[in-house]
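# Summary of structural features
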Number of protein chains: 2
Amino acid sequence: MSANSRLTIAAHALAWIGLYQREGHEVATSEQIATSANTNPVVIRRLLGELRKAGLVESRRGVGAGWSLARELESITLLDVYDAVEPGPLFALHRATPNQGCVVGHGIRPAMQGVYGGIEETLRAELARVTMEDVLRDVLAVPR
Amino acid sequence: MSANSRLTIAAHALAWIGLYQREGHEVATSEQIATSANTNPVVIRRLLGELRKAGLVESRRGVGAGWSLARELESITLLDVYDAVEPGPLFALHRATPNQGCVVGHGIRPAMQGVYGGIEETLRAELARVTMEDVLRDVLAVPR
DNA sequence: AGTAGTCGTAACGTTAGTTGTTACGACTGT
DNA sequence: ACAGTCGTAACAACTAACGTTACGACTACT
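Let us now look at the packing of aromatic side chains. Applying the stated criterion to the full structure yields six aromatic pairs over all chains. Between Y82(A) and F91(B), the ring centres sit 6.1 Å apart and the planes meet at 85°, which makes this aromatic pair edge-to-face. Of this pair, Y82(A) sits in helix α4 (residues 78-85) while F91(B) sits in the loop between α4 (78-85) and α5 (103-128), placing the two residues on different chains. Take Y82(A): its relative accessible area is 4%, and that puts it in the buried class. Through successive ring pairs, a cluster of aromatic residues spans Y82(A), F91(B) and Y116(B).

Structure (structure tokens):
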């Protein structure tokens, strides 16, 4: 599977903003977050833009601009982040529609859809059990 | 997420072979399976080759050659198929190592690794609950 | 022994998604 | 007015999946 790191980077950004705000700062810049995540500020802005659409963060423009949390870290679950940044389903069905004249070709899509649906529900429940507060706690618990 | 259809096509092929054998045939050809899945025979051979490495199917060469199940459908779970055809992890960590001088950059990878590990375990347990026999039953239960 | 059918696999092009980068307009505190 | 930052478009690089062609390897059958 071509795993992508969108969820990881988005969680990184949220944890960074959350910690920064606890240190008394108002807003964090995409530049600062990009330096921590070792990537490009535009990548951060793109991801945070999707988180903003989902109502997880807010942004200010102009001088002294930057990003801040729209909700407390403990009220943001990984499922919220996942829904905000991951577009497609976990497993894809056939790229071309299978042969409908064949029994298997006809029934396989609904069958797999049912299976995948149940599995994705379980995955979502697992993601919903972890809050960004949990993540930040784990981050800070790592010995250096 | 760039979802791929490898698991879907592999399950399709197994279900097809299983049904074909129940109809009294010895082996199924990649050509037949490809026609049902509406793809290229080489794609099927590649996937079945990985299933063979995992001990799920067998192949014969020469005239009258083809593929047959190495195990009963009810003893093959989707987890077996998943492990055979899906190489990487579900979620990727950072592409470039984050800034180790930053508290978040230093702790984020172990933290996310822990979370992802737990989630993948749950996913695997779900996949292990579904056998190819279940899948074939669902396939045949679809009204036409 | 020859032939035909099928696998096994390499090679290559196409497509699609992610990521990185540059560029520049829009906005706003000073 | 200026400077700093967001917002976003545009494009290149990279990767993986997928489709296709090609051809050697193998074997049941005649």
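Turning our eyes to something else, we now look at the interface of chain A and chain B. With 57 residues of chain A at the contact, the number on the chain B side is 57 residues. Note on chain A versus chain B: buried area summed over both sides is about 4800 Å², and carbon and sulfur give 71% of it. On the surface where chain A and chain B come into contact, there are zero salt bridges. For the interface between chain A and chain B, the tally reads 14 residue pairs in polar contact (both at pLDDT 80 or more). Within the residue set of the side of chain A that touches chain B, elements represented by two or more residues are α1 (6-22), α2 (30-37), α4, α5 (103-128) and α6 (132-141) of chain A. In terms of residue count, α5(A) provides more of the side of chain A that touches chain B than any other element does, 16 residues in total. Across the side of chain A that touches chain B, the residue classes break down as 37 nonpolar, 16 polar and four charged.

Here the focus is the relation of the copies chain A and chain B. Overlaying chain A on chain B yields an RMSD of 0.1 Å, the required transformation being a rotation through 180° with an accompanying axial translation of 0.0 Å. Classification of the inter-copy transformation places it as that of a two-fold axis. When the interface residues of chain A are mapped onto chain B, 100% of them again fall at the interface, so both copies present the same face.

All names here are of chain A. On the secondary structure map, D80 appears in helix α4. Exposure remark for D80: the relative accessible area of 25% places this residue in the partly exposed category. Measuring from C-alpha to C-alpha, the distance between D80 and I33 comes to 20 Å, with 47 residues separating the pair along the chain. Leave out the neighbours within four places in its chain, and D80 touches L56, R71 and S75.

Before going further, it helps to spend a moment on the protein's contact with DNA strand C. Around DNA strand C, a shell composed of 29 residues is seen, among which S5(A), T39(A), S30(B), R52(B) and G62(B) lie nearest. For DNA strand C, the backbone portion of the atoms within 4 Å of the protein, that is sugar and phosphate, comes to 60%. Here a base nitrogen of DNA strand C and a side-chain polar atom of R46(A) are 2.9 Å apart. V63(A) is positioned such that a nitrogen or oxygen atom in its backbone is 3.3 Å from a base oxygen of DNA strand C. Put simply, the parts of the chain that give the surface near DNA strand C at least two residues each are α3 (41-53) of chain A together with α3 (41-53), β1 (57-60) and β2 (66-69) of chain B. Partitioned by chemical class, the residues of the surface near DNA strand C number eight nonpolar, 11 polar and 10 charged.

Right, let's talk about the environment of R60(B) for a bit. Residues and elements named next belong to chain B. For R60, the position within the fold is in strand β1. What makes R60 partly exposed here is its relative accessible area of 45%. Once the C-alpha coordinates of R60 and T29 are considered, the two residues, 31 residues apart in sequence, prove to be 9.8 Å apart. When sequence neighbours within four positions are dropped, the list of residues in contact with R60 reads E26, V27, A65 and G66.

Secondary-structure assignment places T131(B) in the loop between α5 and α6 (132-141). Aside from chain neighbours lying at most four places away, what touches T131(B) is L73(B), E74(B), I76(B) and T77(B).

Calculation notes
Residues numbered from 1 in each chain as written. Chains lettered and ligands numbered in written order. Predicted model: local features only at pLDDT ≥ 70, side-chain atom pairs only at ≥ 80, totals over all residues. Heavy atoms only, no water. Phe/Tyr/Trp six-rings, centres within 6.5 Å; stacked < 30°, edge-to-face > 60°. Helix = DSSP H or I, 4+ residues; strand = E, 2+ residues; numbered from the N terminus. Buried < 20%, exposed > 50% of the residue type's maximum accessible area, 1.4 Å probe, protein only. Contact = heavy atoms within 4.5 Å. Buried area = accessible area lost by both parts, 1.4 Å probe. Salt bridge = Lys/Arg side-chain N within 4 Å of Asp/Glu carboxyl O. Polar contact = N/O pair within 3.5 Å; in protein donor to acceptor, adjacent residues only side chain to side chain. Nonpolar A, V, L, I, M, F, W, Y, C, P; charged D, E, K, R; others polar. Least-squares fit on C-alpha atoms with pLDDT ≥ 70 in both. Near = heavy atom within 4 Å.

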